[in-house]
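# Structure assessment
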Amino acid sequence: MSFFIENKALFKLQPREGNGLRKCQLGAIWALKSHFTTSSNHIASLISMPTGSGKTALMMATCFELNLQKILIVVPSKILRKQIAEQFRTLQVLKNSNCLQSEIEELKVYEVTKRQKTREQWELILNEYDVIVAHPNSISPYYKDIEPVPVDLIDAVLVDEAHHEPAETWRKLNDFYSDLKRVFFTATPFRRDRKRMKAKLIYHYSIDRALEDNIMREVNFVCEQAGIQNTNEALMKSALEVFQRERELNPNASILIRTDRIEDSVILTQLYNENGFNVDYIHSKRSANINSQLVTKVKNNQLDGLVCVGIASEGLDIPNLKVAVLHATPRSIPYTIQFLGRISRQPDYQEGNATLIANKDEVKGEVYKLYKSDETWGKLIPQLIDEQMQRARHYKSSQAKEADFQMPELNVFFSALIYETANNFEFKNVGEINAKDPFEILRIEQQNDDSPLIIVTAYHKPLDWANGEIHIEDFLDVHLLYHHSDSNLLFELTTSEQALASFKKDLIVSDLKRLPHSRLYKTLSQFRQSDYIMVGMKNAVSQGASQPSYKTVIGSGVQASVRASEGRVFSTGHALLKLGLKKTWGIATKNGRVWAMKRGTSEEFKNWCDSLVNLIEDGPVITNLPGLSFLASSEPINNIVELPIAIIPNDLFFRAYSTIIHVNDIDPIRNCIPEIIPLNLDINNNQLQCQLKINEFKCELVMNLTEDKIWSLITDNEIRVRADKSENDIIEKSLEEILNEYYPSLIMPSGSVIEGRNKITPNTTIENLPTSIWKVKDWTGCNIRAERYEEAPVAGNVPVINKTIELINPDFEINSDVLILDDGSHEIADLIWFQQNTKQVHFIHCKASHGENPGRRKADCDILFTQAMRSIHWISSVSLIDRLKERIQGNSELIQTSQATWDTLAENFKINNWSYNIILPQPGFDIQQVSNRDRINNNIYELAIPMYERILGSMAQLEIWGS
C-alpha cells in the first residue's frame, strides 16, 4: 500500500495544536480539492505562490489530501532535486507544523541521477519507492534514448518552478502525462519569455498578501551606477559595505551573488574572497554532492554565501540569505521575482529588510521600471505582478509554429527604406539564418531572384487589452526585402525594426548607403506643389534650445503656411502629398523612407517599388521638393573641399536621450556631448582628420565620404554608448556606430551644412552683415596677446578677460547683476553676464590676438567663431542654471557678485523672461578692416556670415568687439 494512503490517518491538515499550515497553503489545498471535483486531467492545474511561502510543504500535503499513491516530482536543477528528495524523505516541514506525527517512518524517495532504458527498470524502482524526484533531462520523452516513467505506474505529476514548462523537454513531459493529475507550482504565474504555459491557474497568492502576512520581507535596493563595462569591482565594494553592516545586525546573515556564466562564477568567487569574504560557487557543472555540501555550509554559517549561475539559484532553501548581488541583471520580471525570493523570506531570527545590490546602468527590458523607480520594491513588485496577471494568458491565439498552419495572404502597408547597394550585392545565408532571442524565424519565402524576399518572425507578446485571465499571444511580423539589381537599389519593409535587426546582419553582410535626399525627392516629382497635406521641417542649421528641432504643418495647402524665412534654418524632414482621390505618397529624409497610403500583396509591393525606381532613375537632379524651394536645399556630395568651421554632434540624439559613454577603464561619462574638432583636410585622400574629445579622453576621428562607413574612430579603446529615452527606447552601440547613424553636422565656411553625404544649403537672404554687430572698444592698457584671467594683473599689461570685465563695468549693476568666470575645460563661455535691468544673458568669449597689432588675421577668428556657435546650445536652455551651479561648485567663480545675489537670480530665473546675446571680444580685429565686405580676401567677414546666421536663427544677438 502507498505510504500516503497507509499514513493518511496520521496526517492532520488543520491540527488542533501547534502552528499548522499557513493560510495560503490551506487555500491552495482547498482550491486543488475543489478543482479536481469538477475538472478533468486534460489541463494541468497551476498554483502560484511567492518563493518562501511554503510550496514544498504544500506539495507534501497535496499527496495526502488527494490520496496519491505513486508520485513523480519534476524540478529544474540538480541542486533542487537533491533538496526536494531529502525534504520529502523526512517530511520534516509537516512534522514541524504539527500536521504529521514525529514518530512516522521515513518516506522512500528515489532521486533520479541517471536515465533508465526499460520499463522493467521503472517497475523495480516503483515497487520500492513511492516518490520519484527527477530533472527533465533524465526522464523527458523529448530524448529518444530515454524510457520515461510509464504512465500506468504513477498517478500524479508535481512540477516545481513550473515557469520552465514551455521549454520543449518540459512540454513533452506535460503532454506525455496528460491523462494524469498534474499540479504546477510556481512563484510567477507567467513564464519569463512569455511563452504560453499549458495550465489553468486555480490559486494565486499575491506578493502583496505575503508581505501583509509577514511571510516575506521587503527588499531595499542599493543602486550602483557603474557604467556598462567592468562593473564587478564596484558591485563587490558595495556588497562588502552592506554585508559588514548587515552582519552587525544579524550575525547569521548570508549573501547570494548572481552571474550568468560559469567562468564568471569562478572569477567572482576569487574577487570576493580576496576582499574579505568567504564564499564558494555552485553551478550545474559541479556535482550535486558538492553543491549540496556548500548549501549546508551557508546554512550553518561556515560560508558567508554563494556565487550562483542562473538557474542554480532557483529553489535554493537557505533561510538566512539576507543580501543579494546581481552581477548579471535579469531582464525579466519573473526571473527577478524568483531571485528576490531567495532573500525575501522572513525568518524569525533575523531583523530588518533584505538588500539587493545591482548596477542600474545595465538595466534593460521590462525590469527597467523596477530599477529606475524611486518607489520601494515592496510596493512596486506586487504592482508589476498585477500588471502581468492582467496582461498575459496561458493559451496562445495563433498556431503559427504548427506544421499545418496556413500563412495568411500578405496585405502590407506600403512603406520602404531605400538603400543604394554595390554592383555585386546579394542576400547571404538565405534559409540558414536564425533570429536572436526573443525573436524566431517562422517562414522564409521568395518566388524567384527578382521577387521580394519574405521573412516572417514570431515574438511572444502580452495582449495589452486582456483582463482577468492570463493571456499571451504569438505576434507575427513580416519583413519584405526587394533588391532591384539593375538600379542597385534595395527596398526594405518591416513591421518590426527590432525583429528585423535580430537577423539582418547575417542576411546582408555588405554595407548599405542611405539614398541621398536629391534622389529621394524625385519619388514625389510627379506631384503638384498644391498637393501637400503635411510638411515636416527639420532644423538643419541651429542646434540649440531656442529653435525647435522639428516643425510639422498639417492641413490643406500647407505650403502656404511655411514662411520663406524658415529657409534660414529648416530643410525638408518629411512631406505627404495627395494626387487625386486614390494616390497619397510621403517621404522622410532621416533614413530615406517612402510610403504610400495603400496596402497590397508582395507582388503589388514589388510593382510599387519598380515605379519608385523609374522616378529615382529618370529626370534631372532636384535639390528640394516642388513648391518648397525656399527651404534649405540639399544635394549629394562625395568629397569635402574646405575645412569646416565647426562640427556639431547630432543634437537630436545627445539631447533627446540620457546617455552614458564608457571608454574602457575610465569612469562612465554621463550626458556629455562629445567635442569634434576639425584639424586637417587631406584633399588627395578625401579625408577630414579630427580630434574627438569626451571630457579628458581624446582620440583621432576621420571622416571619408568615399568609404561605406563615413566616420571612423582611430583608437585602441572600446567606446560604447548607452542611451535611454524610455523603458522601451534604449540604444546600446559603439560610438562609431552612433556617429554613422546619427550624423554630426559640419558647418562650412560657405554657410552650408554637411550631414552624411548630403550638403544642405540654407536660404541665406542676408549677405551683408549689419553694421551694429561690429563694436570698436578701447583696449588701452591691455596685453592683447594674453587671454587668461589674473587675480591681480600688472597695470598696463592686463589680459583680455580682465580688460573685458573693465569694459562691461560701466553697465554692471553691482547689487543685481551676476558675472561668472567660467574659463576652463568644457566652459559655457569665458564670462557669463546676467544683466538684470535689460533682462539679457551675455555669453562672452574672449580671445587673445595672434599679433602685436590689430589686423584681419584668420587665425584670430577660427576658435572664437567655433566657440560662439557652440554657445547656441545654451540659449534658452532649461539646463543653463543647473550647469552653472555645477560649474561654480568646481573651478568657476563669481566675479563682483555675492553668493546671495546669484542664489536669488538662480531661484527666480525664468527662461522666457530673458533675451540672449553672444559677445566676442578680440582686440586683434581691426574693426574697420574686418567689417569691410568689399575688402579683398576678407576671410573674417565671410566666416562671420554663417556664424551670424546660426546665432540669428537661434533667436540671439551677436556683437564682435575689436580695435
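Cut-offs used in this document
- Residues numbered from 1 in each chain as written.
- Predicted model: local features only at pLDDT ≥ 70, side-chain atom pairs only at ≥ 80, totals over all residues.
- Heavy atoms only, no water.
- pLDDT = per-residue confidence, 0-100.
- Contact = heavy atoms within 4.5 Å.
- Phe/Tyr/Trp six-rings, centres within 6.5 Å; stacked < 30°, edge-to-face > 60°.
- Helix = DSSP H or I, 4+ residues; strand = E, 2+ residues; numbered from the N terminus.
- Buried < 20%, exposed > 50% of the residue type's maximum accessible area, 1.4 Å probe, protein only.
- Lys NZ or Arg CZ within 6 Å of the ring centre and 35° of its normal.
- Salt bridge = Lys/Arg side-chain N within 4 Å of Asp/Glu carboxyl O.
- Pairing = 2+ DSSP bridges.
- Axes fitted to C-alpha atoms, helices over the stretch in contact; angles between N-to-C directions.
- Core = buried A, V, L, I, M, F, W, Y, C linked by side-chain atoms within 4.5 Å.
- Right-handed = clockwise from strand over helix to strand, strands pointing away.
- Polar contact = N/O pair within 3.5 Å; in protein donor to acceptor, adjacent residues only side chain to side chain.
- Parallel < 35°, antiparallel > 145°, perpendicular 65-115°, else oblique.
- Left-handed = near helix turned anticlockwise from the far one by under 90°.
- Nonpolar A, V, L, I, M, F, W, Y, C, P; charged D, E, K, R; others polar.

## Overview of the confidence of the model for the chain
Per-residue confidence for the chain gives a mean pLDDT of 83; residues scoring 70 or more make up 85%. Taken together, the stretch residues 191–196 has pLDDT below 50 and engages in 31 contacts with residues farther than four places along the chain or on a different chain. In this model, residues 465–472 is a region of pLDDT below 50 whose contacts with residues beyond four sequence positions or in other chains number 31 contacts.

## A look at the packing of aromatic side chains
Counted under the stated rule, the structure contains 25 aromatic pairs. The interplanar angle of 15 degrees and the centroid separation of 6.3 Å between the aromatic rings of Phe 843 and Tyr 916 together place this pair among those described as stacked. Here Phe 843, found in strand β41 (residues 840–844), pairs with Tyr 916, found in strand β43 (residues 915–921); they are 73 residues apart in sequence, far enough to count as distant. Summarising the burial analysis for this pair, Phe 843 and Tyr 916 share the class buried. Linked through ring pairs, Phe 3, Phe 4, Phe 11 and Phe 64 together constitute an aromatic cluster. The ring of Phe 36 carries the charged tip of Lys 181 above its face, separated from the ring centre by 5.4 Å. The ring of Trp 585 has Lys 583 lying over it, and the distance from NZ or CZ to the ring centre is 4.7 Å.

## A few points about the pattern of salt bridges
Here the idea is simple: oppositely charged side chains can pair when their charged atoms come close. Evaluated as defined, the whole model comprises 34 salt bridges. Between Arg 519 and Glu 617 there is a salt bridge, and its shortest N-O distance comes to 2.4 Å. Here Arg 519, found in helix α18 (residues 517–521), pairs with Glu 617, found in helix α19 (residues 602–617); they are 98 residues apart in sequence, far enough to count as distant. Two residues, Glu 787 and Lys 847, come together in a salt bridge whose shortest N-O distance is 3.7 Å. Residue Glu 787 is found in the loop between β38 (774–776) and α22 (800–808), and its partner Lys 847 is found in the loop between β41 and α23 (862–870); the two are separated by 60 residues along the sequence. Given the relative accessible area of 18%, Glu 787 is considered buried. Salt bridges sharing partners connect three or more residues here, namely Arg 115, Lys 117 and Asp 145.

## Notes on the pairing of strand β31 (residues 697–703)
Across the seven residues of β31, five count as buried, placing the element largely inside the fold. Of the strand pairs in this sheet, strand β30 (residues 687–694) and β31 are connected by seven bridges, and their pairing is antiparallel. Note that in β31 the partner of Leu 688 across the bridge is Met 703. Here β30 folds back onto β31 in antiparallel fashion, the turn holding two residues, of which Asn 695 has a positive phi close to 55 degrees. Here β31 pairs with strand β32 (residues 711–714) via four bridges, running antiparallel.

## Some details on the sheet that holds strand β42 (residues 893–894)
The sheet built from seven strands is open, its strands ordered β38-β44-β43-β41-β40-β39-β42 with mixed pairing. Because the sheet does not close on itself, it has two edges, and the strands there are β38 and β42. Taken together, the four bridges between strand β39 (residues 818–821) and strand β40 (residues 831–835) define a ladder with antiparallel strand orientation. Pairing of Leu 819 across the sheet is with Trp 833, part of β40. Across the face of the sheet, α22 comes into contact with β39, β40, β41, β43 and β44 (957–962) while running at roughly 10 degrees to β40. Running at roughly 105 degrees to β39, helix α25 (residues 899–908) makes contact with β39, β40 and β42 of the sheet.

## Considerations on unusual backbone geometry
Here the phi dihedral of Asn 67 falls at roughly 55 degrees; this positive angle occurs in a residue that is not glycine. The backbone phi angle of Asn 695 is positive, close to 55 degrees, even though this residue is not glycine.

## With respect to the nonpolar core
Among the nonpolar cores identified, the biggest contains 52 residues, and Phe 834, Phe 843, Phe 865, Trp 902 and Met 947 are the most heavily contacted of them. Among the elements that make up this core, the one with the highest residue count is helix α27 (residues 939–953) (nine residues). Beyond its immediate sequence surroundings of up to four residues, Met 947 is in contact with Phe 865, Ala 868, Met 869, Leu 920, Leu 958 and Ile 960.

## Here we look at the pairing of strand β4 (residues 131–134)
Regular strands place side chains that alternate from one sheet face to the opposite one. Residues of β4 alternate between two faces, with Val 131 and Val 133 on one and Ile 132 and Ala 134 on the opposite face, all of them buried. Handedness of the crossover is the feature at issue here: the chain leaves strand β3 (residues 109–111), passes through helix α6 (residues 119–128), returns alongside β4, and the resulting connection is right-handed.

## Concerning the side chain of His 483
Of note, His 483 is situated in strand β17 (residues 472–484). Only 3.1 Å separates the side chain of His 483 from the side chain of Thr 421, close enough to count as a polar contact. Look past the residues within four positions of His 483 in its chain and what remains in contact with it is Thr 421, Phe 425, Phe 427, Asn 488, Leu 489 and Leu 490.

## Let's talk about the environment of Phe 3
Structurally, the position occupied by Phe 3 is in helix α1 (residues 3–6). Assessed through its relative accessible area of 4%, Phe 3 is described here as buried. Taking the C-alpha atoms as reference, Phe 3 lies 9.9 Å from Asn 67; in sequence the two are 64 residues apart. Residues within four places of Phe 3 in sequence aside, it is in contact with Phe 64, Leu 91, Ile 104, Glu 105, Glu 106, Leu 107 and Asp 130.

## Section: the packing of helix α3 (residues 55–65) against helix α4 (residues 78–90)
Closest axis-to-axis distance for the α3/α4 pair is 11 Å, and the angle between their directions is 50 degrees. If you check the angle between α3 and α4, you find them oblique. Like other packed secondary-structure pairs, α3 and α4 cross with a definite hand, here right-handed. Together, Thr 56, Met 59, Met 60 and Cys 63 of α3 and Ile 84, Gln 87 and Phe 88 of α4 make up the contact between the two elements. Within the contact of α3 with α4, the residues separate by chemical class into five nonpolar, two polar and no charged.

## Focus: the side chain of Gln 116
Considering the arrangement of structural elements, one finds Gln 116 in the loop between β3 and α6. You can call Gln 116 buried: its relative accessible area is 5%. In terms of polar contacts, Gln 116 uses its side chain to reach the backbone carbonyl oxygen of Lys 114, at 3.4 Å.

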